[in-house]
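Each chain, letter by letter, is given below.
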Amino acid sequence: MKARLLTIATLWLTYAAAPATGLAASENYNIDPAHTSIVFSVSHNGQSFVYGLLRQVQGQYQLDQIYPANSRFRVSIPVESLDTNNAERDKHLRSADFFNAQQFPTITFDSTSVTQSRSGNDVAYEITGNLTMHGVTRQVTIPLKLLDAGPGLRNDYRTGFWGQLELKRSDFGMNNLLDIVGDKIGITVSFEGIRQDAAAGQPLRPQQ
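Residues numbered from 1 in each chain as written. Predicted model: local features only at pLDDT ≥ 70, side-chain atom pairs only at ≥ 80, totals over all residues. Heavy atoms only, no water.

Draft legend 1. Representation of the overall build of the protein. Scanning the protein from terminus to terminus reveals two helices and 11 strands. Counting from the amino terminus, the protein carries its helices and strands in the arrangement α-β-β-β-β-β-β-α-β-β-β-β-β. When burial is assessed residue by residue, the protein has 37% of its 208 residues classed as buried. Long-range pairs, those at least 24 residues apart, make up 59% of the contacts in the protein with a sequence separation of at least 6. Here the protein has roughly 12200 Å² of accessible surface; of this, 53% comes from carbon and sulfur atoms. (Helix = DSSP H or I, 4+ residues; strand = E, 2+ residues; numbered from the N terminus. Buried < 20%, exposed > 50% of the residue type's maximum accessible area, 1.4 Å probe, protein only. Contact = heavy atoms within 4.5 Å. Areas by Shrake-Rupley, 256 points an atom, 1.4 Å probe, with all protein chains shown as cover.)

Draft legend 2. Region of the structure containing the pattern of salt bridges. Enumeration over the complete set of coordinates arrives at eight salt bridges. The salt bridge partner of Arg 195 is Glu 27, with a shortest N-O separation of 3.0 Å. Placement of the pair is Arg 195 in strand β11 (residues 181–195) and Glu 27 in strand β1 (residues 27–31), with a sequence separation of 168 residues. Across the pair, Glu 27 and Arg 195 agree in class, each one buried. Glu 80 is paired through a salt bridge with Arg 94; the nearest N and O atoms lie 3.6 Å apart. With Glu 80 in the loop between β5 (72–78) and β6 (82–83) and Arg 94 in helix α2 (residues 87–94), this residue pair connects regions lying 14 residues apart in the sequence. When its relative accessible area of 52% is taken as the criterion, Glu 80 is described as exposed. Here the salt bridges do not stand alone but share partners, grouping Asp 32, Asp 156, Arg 158 and Glu 192 into one network. (Salt bridge = Lys/Arg side-chain N within 4 Å of Asp/Glu carboxyl O.)

Draft legend 3. A look at the environment of Leu 82. Note on placement: Leu 82 falls in strand β6. Measuring from C-alpha to C-alpha, the distance between Leu 82 and Leu 93 comes to 8.3 Å, with 11 residues separating the pair along the chain. Contacts of Leu 82, omitting those with residues within four sequence positions, involve Phe 40, Leu 53, Leu 54, Asp 90, Leu 93, Arg 94 and Phe 99.

Draft legend 4. Region of the structure containing the environment of Val 140. Following the sequence through the fold, Val 140 ends up in strand β9 (residues 136–151). Its relative accessible area of 10% is what places Val 140 among the buried residues. Taking the C-alpha atoms as reference, Val 140 lies 6.4 Å from Asn 130; in sequence the two are 10 residues apart.

Draft legend 5. Just unusual backbone geometry, in detail. At Asn 85, a residue that is not glycine, the phi angle is positive and equals roughly 65 degrees. Mapped onto the elements of the fold, Asn 85 is located in the loop between β6 and α2. Exposure remark for Asn 85: the relative accessible area of 72% places this residue in the exposed category. Backbone geometry at Asn 155 places phi at a positive 60 degrees, although glycine is not the residue there. Turning to its location among the elements, Asn 155 is positioned in the loop between β9 and β10 (157–168). The class of Asn 155 is exposed, set by a relative accessible area of 79%.

Draft legend 6. A look at the confidence of the model for the protein. A residue-level look at the protein finds 83% of positions with pLDDT of 70 or above and a mean pLDDT of 87. Ignoring residues within four places in sequence, the model shows residues 1–22, a span with pLDDT below 50, making seven contacts including any to other chains. (pLDDT = per-residue confidence, 0-100.)

Draft legend 7. Representation of the nonpolar core in the model. Tyr 125 and Leu 144 are the most contacted members of the largest nonpolar core, which has 42 residues in total. Those residues in contact with Tyr 125, other than ones at most four positions away along the chain, are Leu 63, Gln 65, Val 114, Thr 115, Gln 116, Ile 142, Pro 143, Leu 144, Leu 146 and Phe 161. (Core = buried A, V, L, I, M, F, W, Y, C linked by side-chain atoms within 4.5 Å.)

Draft legend 8. Just the packing of aromatic side chains, in detail. All told, the structure shown has seven aromatic pairs when counted by the stated rule. When the ring of Tyr 61 is compared with that of Phe 161, the centres are 5.7 Å apart and the planes differ by 85 degrees; the resulting orientation is edge-to-face. Taken together, the positions of Tyr 61 in strand β4 (residues 58–63) and Phe 161 in strand β10 put the pair 100 residues apart, joining distant regions of the chain. The residues Tyr 61 and Phe 161 share a single accessibility class, namely buried. (Phe/Tyr/Trp six-rings, centres within 6.5 Å; stacked < 30°, edge-to-face > 60°.)

Set out below in structure tokens:
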């Protein structure tokens, strides 16, 4: 009986202490397109790298820093927003030779699991989920670093992330011109989310 009471007391103290650490319960965010960047790079004939942007990103995420496994991320990107600063190349990339934007107009990502790790003040996530592109769905893992969490400049509350990963376009059925246009695609992503339930929970700043 004594041991049981000790266990209950320990669990209660752990739960009661959670808000004091600066963590918050689950909160909902909308991605801010004006402060979101997705940059990609691909080798051209082994002689240079071409860089491009996906200019239109929409999405939401649910962030739970007490129970990170409850977090979820969803993103949608129109292929037409692809921009490599060359109109003819962009037209070719949107064609059936590559993305086939007419048949597959949207790139989507929907997370299936989220894990969190901490090292000092640094908070990192691994977001695993289903990426659908060119009509093909593959499971990918996106590593993200929490850059900051706090008040924005417009009387709102924000969290911001940054991460890098590498994909193979051939995994998504884009096999055209592999001898000239590289298969490996480097991706850098950074985004801010605006909290939608600003009255809920405590600030999400990393532990000090």
